[in-house]
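The residues making up each chain are set out below.
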Amino acid sequence: MTNDLRTEAYLCGRLYAALAELERLGQGEHHSLGRPDVLRKLALEPSKHLTKHLDQAGKYLLAARNRGQGGPAAAVFRSLPDLLPSGRKLPDSLRDTEMQERFHAGRTAQEAALGKAVGAG
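Residues numbered from 1 in each chain as written. Predicted model: local features only at pLDDT ≥ 70, side-chain atom pairs only at ≥ 80, totals over all residues. Heavy atoms only, no water.

Undergrad: What is the right way to read the packing of aromatic side chains from this model?
TA: When we look at a pair of aromatic rings, we describe it by the centre distance and by the angle of the planes. This structure, assessed with the given rule, holds one aromatic pair. Centre to centre, the rings of Tyr16 and Phe103 are 6.1 Å apart; their planes meet at 45°, and the pair counts as tilted. Linking Tyr16 in helix α1 (residues 3-27) with Phe103 in helix α6 (residues 97-120), this pair joins segments that are 87 residues apart in sequence. Take Tyr16: its relative accessible area is 5%, and that puts it in the buried class. (Phe/Tyr/Trp six-rings, centres within 6.5 Å; stacked < 30°, edge-to-face > 60°. Helix = DSSP H or I, 4+ residues; strand = E, 2+ residues; numbered from the N terminus. Buried < 20%, exposed > 50% of the residue type's maximum accessible area, 1.4 Å probe, protein only.)

Undergrad: Looking at this structure, I do not really get helix α2 (residues 36-44). What am I missing?
TA: In an α-helix, one full turn covers 3.6 residues, which means residues spaced three or four apart are oriented alike. Restricting attention to buried positions, one finds in α2 the residues Val38, Leu39, Leu42 and Ala43. Angular distribution of buried residues about the axis of α2 spans 125°; they occupy a single face of the element. Structural note: α2 exposes Pro36 and Arg40 on the side pointing more than 90 degrees away from its buried face. (Arc of directions from axis to C-beta.)

Undergrad: How should the confidence of the model for the chain be read in this particular structure?
TA: Detailed conclusions should not be drawn from predicted coordinates in areas where pLDDT is low. With 93% of its residues at a pLDDT of 70 or more, the chain shows a mean pLDDT of 90. Mean pLDDT per element in the chain: α6 is the minimum at 87, and helix α4 (residues 57-66) is the maximum at 97. (pLDDT = per-residue confidence, 0-100.)

Undergrad: Honestly, the pattern of salt bridges in this entry has me stumped. Any pointers?
TA: In total, this model carries seven salt bridges according to the counting rule given. Ionic pairing is found between Arg24 and Glu29, a salt bridge with its closest N-O pair at 3.1 Å. Relative accessible area serves as the criterion here: at 22%, Arg24 is assigned to the partly exposed category. A relative accessible area of 56% means that Glu29 is categorised as exposed. Lys89 is the partner of Asp92 in a salt bridge, and the nearest nitrogen-oxygen pair spans 2.9 Å. Relative accessible area serves as the criterion here: at 44%, Asp92 is assigned to the partly exposed category. Ionic contacts of the salt-bridge type, sharing partners, join the residues Glu21, Arg24 and Glu29 into one network. (Salt bridge = Lys/Arg side-chain N within 4 Å of Asp/Glu carboxyl O.)

Undergrad: What should I look at first to understand the packing of α2 against helix α3 (residues 46-55) in this one?
TA: Each pair of packed helices can be summarised by the angle the axes make with each other and by the distance between the axes. Look at α2 against α3: their axes get within 6 Å of each other, and the N-to-C directions meet at 120°. Judged by the inter-axis angle, α2 sits oblique to α3. Two secondary-structure elements touch here, α2 through Lys41, Leu42, Ala43 and Leu44 and α3 through Pro46, His49 and Leu50. Among the residues making up the contact of α2 with α3, the classes are represented as five nonpolar, one polar and one charged. (Axes fitted to C-alpha atoms, helices over the stretch in contact; angles between N-to-C directions. Parallel < 35°, antiparallel > 145°, perpendicular 65-115°, else oblique. Contact = heavy atoms within 4.5 Å. Nonpolar A, V, L, I, M, F, W, Y, C, P; charged D, E, K, R; others polar.)

Undergrad: What exactly am I supposed to notice about the environment of Glu111 here?
TA: You can see Glu111 is positioned in helix α6. Of the residues examined, Glu111 reaches a relative accessible area of 38% and is grouped as partly exposed. Taking the C-alpha atoms as reference points, Glu111 and Leu25, 86 residues apart in sequence, are found 14 Å from one another.

Undergrad: Explain the side chain of His53 to me, please; I cannot follow it from the model alone.
TA: If you trace the backbone, His53 turns up in helix α3. For His53, a relative accessible area of 8% translates into the label buried. Side-chain polar atoms of His53 contact the side chain of Tyr60, separated by 2.8 Å. Those residues in contact with His53 that lie beyond four places of it in its chain are Leu19, Glu23, Ser32, Leu33 and Tyr60. (Polar contact = N/O pair within 3.5 Å; in protein donor to acceptor, adjacent residues only side chain to side chain.)

Below, the structure written as structure tokens:
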């Protein structure tokens, strides 16, 4: 495995966590990215499953603002460009164990960072 793919897997995990938080701020606790089955599919095939949520980020931001969560949602929204993998599109497949570990490490790191940022805001 190349270092670039490990980095992309890690960034996909971070991107997932940011989009999940943005969706949660807009829709509440029962948002689609919070479901374990969605996370499993998305972690295996980011391009297929994560791209549609990235396309919905503006909708999640507006919904969060309408729910009185505009400040935290704007901070998460502004972080999205820094979390995008460097390729032209998200990786098609992260099916091997190392890539899954990197994805989940990125997700965990971003969730911790969001907890601090959103909690402080």
